[in-house]
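In case you want the letters, here they are:
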Amino acid sequence: MLDYAKRALALLARRPKGWNSLLFNTVMAKTRRVGPLMMPVHITIEPTNACNLRCPVCETGNGSMARPTGLLDFDRYCALIDQVAPTTAVLMFYFMGEPFLNKRAYEMIRYARQKGLYVETCTNGDFVDAKGIIYSDVNDISFQIGGMTQQTHEVYRVRGRLDRVVANLHGLIEERRACPQSNVKISVGFVVMKHNEHEVPEFLRWAKQIGVDRANVIDPCVRTVEEGKEMLPEDRRYWFYDEAAFAQGILKPKHLPDNECTWIWNSVTVNWDGSVVPCCRDPNGKHVLGNVFDTPLAEIWNGSAMREFRRRIVMEQGKVDICRLCSGYGVPQLMHPPPAGFEIKRLSLDESRLDIPMDGVPVTWRPATTDHSKTTS
């Protein structure tokens, strides 16, 4: 609660776009009231659920995606942005696919930026065009790699080419240097797994050397105990799963929310076909709450289906399937200060420090506030 109080005071002091909505809806979540809410300050939009890779934990990659595959329509997207721009502060421009497989992704991002939204995206890096990114004016782009060699990278990033990703990343760094007025912040993420955990120090040295703004060290997600045995690191500090339960053949997070989810009170996810689901924990669209191409988001957001879903969260969250492996996502960030230099961010629930030698000097950092929003499956 102390963290929420500090953030609330900072919002009151600076009053960024959406501050009043974030405070009101968060209080509603904390008092377990399901509505009516102010409009969400954070929206995730899926450019496509198609991907060129075959990552084994991802529903798109492993072929278990229950939804049809498709591309977000540009004109419908623009109409949606027009609708939500007055109240939306942050747009997460990716979900269950590689966003830049949508050929109009750069135009889509630019359109949202021109409407005053802060836009973040995450990519496997295979199709990123440096000039397109600079043109789009995206605020934050995160490349994610699976290892520091082709051999380790392709264990999880199946069919991925590390040399191509690195070349595209270097190209973007150079293009940004040529455009010093650019708003683009560049991150590179490393999902720590059993096959690559020994490469974390090398990853940090490399990320600092090439000139990105931030290195993200990310705890991995798995869907089953079997996947966990194959992929979770030996170093348990990279786990957000309960180790004792795992030893008994049960997969569950170290921390389970107690009939509360401030994220779903402040954010919503829109699939490529316009269908609305509560959050990124519903990749297969089991809980469709409406369609923004048929009904205004304001009606869906405070509609009966959405309220009933929130009611289930506050009454029986333990029975909600998409909450089973989730520790919660906190509240959306509305303030995004420019990086003061190279930074390391650990996306983790582990409260212990990690001391990792980098160029002979130990690098120590505390974990970031609970945030897996930059993790791709």
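Before any of the text, the structure's been laid out above.
Note that the coordinates shown come from a computational prediction; the quantities given were computed from them, not determined experimentally. (Residues numbered from 1 in each chain as written. Predicted model: local features only at pLDDT ≥ 70, side-chain atom pairs only at ≥ 80, totals over all residues. Heavy atoms only, no water.)

*Asks:* Explain the sheet that holds strand S6 (residues 214–218) to me, and be specific about the residues and the numbers.
*Replies:* Ordered in space as S8-S7-S1-S2-S3-S4-S5-S6-S9, the nine strands form an open sheet in which the pairing is mixed. Because the sheet does not close on itself, it has two edges, and the strands there are strand S8 (276–277) and strand S9 (343–347). Docked against the sheet, helix H4 (residues 74–84) engages strand S1 (42–45), strand S2 (90–92) and strand S7 (267–270), running at close to 175 degrees with respect to S1. Taken strand by strand, helix H8 (residues 162–177) contacts strand S4 (140–145) and strand S5 (185–191), and its axis lies near 155 degrees from that of S4. (Pairing = 2+ DSSP bridges. Helix = DSSP H or I, 4+ residues; strand = E, 2+ residues; numbered from the N terminus. Contact = heavy atoms within 4.5 Å. Axes fitted to C-alpha atoms, helices over the stretch in contact; angles between N-to-C directions.)

*Asks:* Please set out the packing of H4 against helix H5 (residues 105–114) residue by residue, giving values where relevant.
*Replies:* The contact between H4 and H5 brings their axes to 10 Å, and the two run at 15 degrees. Here H4 lies roughly parallel to H5, going by the angle between them. Judged by the sense of rotation from one axis to the other, the crossing of H4 with H5 is right-handed. Between H4 and H5, the residues in contact are Phe-74, Tyr-77, Cys-78, Ile-81 and Asp-82 and Glu-107, Met-108, Ile-109, Tyr-111 and Ala-112, respectively. Of the residues contributing to the contact of H4 with H5, the split by class is eight nonpolar, no polar and two charged. (Parallel < 35°, antiparallel > 145°, perpendicular 65-115°, else oblique. Left-handed = near helix turned anticlockwise from the far one by under 90°. Nonpolar A, V, L, I, M, F, W, Y, C, P; charged D, E, K, R; others polar.)

*Asks:* Please set out the pattern of salt bridges residue by residue, giving values where relevant.
*Replies:* Applying the stated criterion to the full structure yields 20 salt bridges. Between Glu-175 and Lys-131 there is a salt bridge, and its shortest N-O distance comes to 3.4 Å. One end of the pair, Glu-175, is in helix H8; the other, Lys-131, is in helix H6 (residues 130–136), with 44 residues separating them in the sequence. Of the charged contacts in the structure, one is a salt bridge between Arg-236 and Glu-243, with a shortest N-O distance of 3.9 Å. One salt-bridge network, in which partners are shared between bridges, spans Asp-140, Lys-185, Arg-214 and Glu-343. (Salt bridge = Lys/Arg side-chain N within 4 Å of Asp/Glu carboxyl O.)

Note that every value here comes from positions in space, so none of it alone points to a role or purpose.
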